[in-house]
Amino acid sequence: MIRYVVKRVILIIPILLGVSFLVFAILSFTPGDPASTILGNGATEEAIKQLNHELGYDLPFLQRYVIYITDIVTKFDFGFSYRTRLPIANELVSRLPISLKLASLSIILACLIGIPVGIMTAVKQYTMFDTVPTITALIFAAFPTFWLGMLLLYAFSLKLGIFPSYGASTWVHFVLPVIGLGLPEAATMMRFTRSSMLETVRQDYIRTARSKGAPERSVIWKHALKNALIPIVTIIGVDFAALMGDACATEVLYSLPGLCTMIINGIRQKDVPSVMGATLLLTAFCSLVVLLVDIVYAFIDPRIKAKYSGSRG
Amino acid sequence: MIAKETTKEATKEQMLEVKDLFVEYQTDLETIKAVNGVSFSLAKGETLGLVGETGAGKTTTALALMRLLPERTGKIKQGDILINGSSVLKSSDKELMRLRGETIAMIFQDPMTSLNPVLTIGDQISESISLHNSQGRTAEQIQLRVDEVLNMVGIPSARKGEYPHQFSGGMRQRVVIAIAMACEPDLLIADEPTTALDVTIQAQVLMMIRNLRDRLGMSLIMITHDLGIVAQTCDNVAVMYAGELVEVGSARDIFKAAHHHPYTDGLFGSIPKLRERVKRLKPISGLMPDPTRLPTGCYFSPRCPLCADICRERKPDVFAKDGHKIKCHLRINADGYIKDEVRS
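Calculation notes
Residues numbered from 1 in each chain as written. Chains lettered and ligands numbered in written order. Predicted model: local features only at pLDDT ≥ 70, side-chain atom pairs only at ≥ 80, totals over all residues. Heavy atoms only, no water. Helix = DSSP H or I, 4+ residues; strand = E, 2+ residues; numbered from the N terminus. Buried < 20%, exposed > 50% of the residue type's maximum accessible area, 1.4 Å probe, protein only. Pairing = 2+ DSSP bridges. Contact = heavy atoms within 4.5 Å. Axes fitted to C-alpha atoms, helices over the stretch in contact; angles between N-to-C directions. Buried area = accessible area lost by both parts, 1.4 Å probe. Salt bridge = Lys/Arg side-chain N within 4 Å of Asp/Glu carboxyl O. Polar contact = N/O pair within 3.5 Å; in protein donor to acceptor, adjacent residues only side chain to side chain. Nonpolar A, V, L, I, M, F, W, Y, C, P; charged D, E, K, R; others polar. Domains from an automatic or database assignment. Patch = residues over 30% accessible without salt bridge, like charges linked within 9 Å, V, L, I, M, F, W, Y side chains within 5 Å. Areas by Shrake-Rupley, 256 points an atom, 1.4 Å probe, with all protein chains shown as cover. pLDDT = per-residue confidence, 0-100. Core = buried A, V, L, I, M, F, W, Y, C linked by side-chain atoms within 4.5 Å.

## Here's the deal with the overall build of chain A
Per the secondary structure count, chain A includes 14 helices and 0 strands. In chain A, the succession of helices and strands from N to C terminus is α-α-α-α-α-α-α-α-α-α-α-α-α-α. By principal-axis analysis of the C-alpha atoms, chain A measures approximately 85 × 60 × 30 Å. Expressed as a percentage of its 313 residues, the buried residues of chain A come to 46%.

Structure, rendered in structure tokens:
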């Protein structure tokens, strides 16, 4: 098991290199340069050249990439923001908790609603307890997050004034963003739980459980759920990681200073180190979460555990 | 207790009576007539072999006995099932839960899929014991019973903490048998218990089922398409075709009597004989009729080598002689076989 984890952690390195190279290349080969964005329209040719030279942007693409990576590897230095001249590492440290809080609260909300409702719809298939939640989920899954976010903002901040419309200083600030991000996710989770459950209750071993005289309650919670959970755990993990980076609309809408706004602002201002820093952090985070999911599997499914430990089975 | 006040004509103590059972699978697209008027009974300690090819409705009949048909699609359309004199179809959920596992238990066909992959085999066996814990066993006594049942099927009890994937197919089938045996049911239904196993293991598993039956005095329904198994284990045999029992009788009737249903003859013609030199086996030509569109008249008529005009037009009656029943028009004039008035 430990050998497996170490192997997987080492495998994250090529992923990070690949992602960083791709993003770096896209940023470099798209038109525009940081100096002219920072100095604005009135700037002279010389001033722009001068600033680009100071930022090190006048060097060839590959050389810049190698310098960037070497700095990270040797000095754990993520560089300075072109615009603010502040170290990227500090900004990442201050922004990560906000993104984490938003994504984890949203995924928790999604699980709390999605999984129980999903189980209910599967158990009561084709009744009102199935159709009503399923149709509702379909509507929520189809909602664009920015639109749902705006509706919530309009209703609860503008009209009712219950929740603040921007900022991240207290937990109250997170209520609307988490609902806006969590509800569509809950819908996805519900539909996934439903189909996983329906798939499971058709299995032969469920019939075996019934043939022993097990009450329906225990058939569902003891025999079916643990099996149905296996694919659901994947979705929780992968979606949690994805929410970290997918929260752009929500973060912008509620002016939350998270990693997504950092990337968006960075792209606008051609602030290469900002974009790179946030992207690399998100990539590493995603990879680790997916690894974590694989480890959690071993605790749910004995077959997978056996595979890790390399014993028979 | 209930058996004493049951029907007068029953000479032996009938533990199971199936009366004119019809089962359908209904989907949006079609209705599959899986069981079409099956009647049989089973006395205490007796073994019935339910024989027929794949799709004849054997498993469906067995599942109906335990009310384990797929909830939405499987429907019992007609008929009744009496176990120890009381109707299974009218049972409440609570009575059903008591019935399943304690009175009837089933050994399922495929050991690879019928065990829950995420529970240890010990847990899966102890579950049925604690569900039917009328003796008031403590947790330790339940574990002792699990060890006992595992030893009975020849699995070291030390392995009860292991998961199904850690066992081979034959071992898993033993676990499935152990689950069924755990509460010493009055009736055991073994649904092709050896089909998924290779031949050497088949013999072991069969012998084990027979020994357990004799030791515990259970009734047994052995579902199979293997006539060899029938000869070794069964007192009575029912031959099933397209959801009907085409021939019912004692094992002796089925193997030795002069007259048979043409389908039974076909079954015997398609197995090799050791004492006769035959160039080719004679399989029954054709396929079983589509259960969504069963033929009028005798269901076997499209494949029957003796098919006459009447066979295509009218459903055959049952002709019986000393309990040997044949559902075929051509037995009208056979010696001693008279029309069976009790509808079957």
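## Some details on the sheet that holds strand β7 (residues 187–191) of chain B
Residue and element names in this part refer to chain B. Spatial ordering of the open sheet is given by β6-β7-β8-β3-β9-β10-β12-β11-β13, a layout of 9 strands whose pairing is mixed. Bordering the open sheet on either side are β6 (104–107) and β13 (338–339), each of which pairs with just one other strand. Where strand β3 (residues 47–51) lies against strand β9 (residues 236–241), 4 bridges are found, and the strand directions are parallel. Residue pairing across strands places V51 opposite V239, the latter belonging to β9. Its contacts with the sheet put helix α6 (residues 199–216) on β3, β6, β7 and β8 (219–224), and the angle it makes with β8 is roughly 160 degrees.

## Quick word on the interface of chain B and chain A
Residue-level contacts link 27 residues of chain B with 25 residues of chain A. Each partner contributes to the roughly 2,400 Å² buried at the junction of chain B and chain A, and carbon and sulfur atoms together form 58% of this total. Counting the surface chain B buries against chain A, the share from its top three residues, V118, E127 and H165 of chain B, is 24%. Put simply, chain B and chain A have 2 salt bridges between them. For K212 of chain A, the salt bridge is made with E127 of chain B, and the minimal N-O distance between the two is 2.8 Å. Taken together, chain B and chain A are joined by 12 residue pairs in polar contact (both at pLDDT 80 or more). Per element, the largest residue contribution to the side of chain B that touches chain A is 4 residues, and it comes from helix α3 (residues 121–131) of chain B. Looking at the side of chain B that touches chain A residue by residue, the class counts come to 13 nonpolar, 8 polar and 6 charged.

## Describing unusual backbone geometry
Although it is not a glycine, S255 of chain A sits at a positive phi angle of roughly 50 degrees. Note that S255 of chain A resides in the loop between α11 (248–253) and α12 (259–268). Of note in this structure, R67 of chain B is not a glycine but carries a positive phi near 55 degrees. Its location among the elements puts R67 of chain B in the loop between α1 (58–65) and β4 (74–83).

## Thoughts on the domain arrangement of chain B
Residue and element names in this part refer to chain B. Here chain B is described as being made up of domain 1 (3–241) and domain 2 (293–344). The straight-line distance from the C-alpha centre of domain 1 to that of domain 2 is 31 Å. If you look at the interface, domain 1 gives 7 residues, while domain 2 gives 6 residues. Carbon and sulfur atoms supply 49% of the area buried between domain 1 and domain 2, which totals about 580 Å² over both sides. One can count 1 salt bridge joining domain 1 with domain 2. When the shortest N-O distance is used, the salt bridge between E53 and R303 registers 3.1 Å. Here domain 1 is connected to domain 2 by 2 residue pairs in polar contact (both at pLDDT 80 or more). Among the elements that take part in the side of domain 1 that touches domain 2, strand β2 (residues 31–43) stands out by supplying 4 residues, more than any other. Residue composition of the side of domain 1 that touches domain 2, by class: 1 nonpolar, 3 polar and 3 charged.

## Here we look at a nonpolar patch on the surface
Residues and elements named next belong to chain A. Nonpolar side chains collect at one region of the surface, where I2, V6, I10, I13 and L17 lie side by side and expose about 490 Å² of accessible area between them. Its location among the elements puts L17 in helix α1 (residues 2–29). A relative accessible area of 39% places L17 in the partly exposed class.

## A look at the pattern of salt bridges
Residues and elements named next belong to chain B. Counting across every chain of the model gives 24 salt bridges over all chains. In this structure, K315 engages E244 in a salt bridge whose closest nitrogen and oxygen atoms are separated by 2.6 Å. Placement of the pair is K315 in the loop between α10 (309–313) and β11 (318–321) and E244 in strand β10 (residues 244–250), with a sequence separation of 71 residues. In this structure E244 comes out as buried when scored by relative accessible area, which is 5%.

## A short note on the confidence of the model for chain B
Do not read the predicted coordinates in detail wherever pLDDT is low. All names here are of chain B. Taken as a whole, chain B shows an average pLDDT of 88; of its residues, 94% reach a score of 70 or greater. For chain B, β13 is the element with the lowest average pLDDT, namely 82, and β3 is the one with the highest, namely 95. In the predicted structure, residues 1–10 sits below a pLDDT of 50 and forms 4 contacts with residues beyond four places in sequence or in another chain. Across the assembled chains, the prediction reports ipTM 0.86 with pTM 0.82.

## Notes on the pairing of β4 of chain B
Residue and element names in this part refer to chain B. As judged from the 8 bridges shared by strand β1 (residues 14–26) and β4, these two strands associate in the antiparallel manner. Among the inter-strand pairings, V18 is bridged to a residue of β4, identified as I81. Bridge analysis of β4 against strand β5 (residues 86–87) gives 2 bridges, and the strand direction is antiparallel. The partner of I83 across the bridge, within β5, is S86.

## Side note on the nonpolar core
Nonpolar side chains tend to gather and get buried jointly when the protein is soluble and globular. Residues L16, I177, L188, I189, I209 and I221 of chain B are the most contacted members of the largest nonpolar core, which totals 92 residues. Ranked by residue count, the leading element in this core is helix α5 (residues 169–181) of chain B, at 8 residues. In this structure, this core is formed jointly by two domains, domain 1 (3–241) and domain 2 (293–344) of chain B, each of which donates at least three residues. Setting aside residues up to four positions removed in sequence, L188 of chain B forms contacts with A105, I107, A180, M181, I209, M218, S219, L220 and I221 of chain B. Within the second largest apolar cluster, 79 residues are counted, among which are I107, I115, I230 and L243 of chain A.

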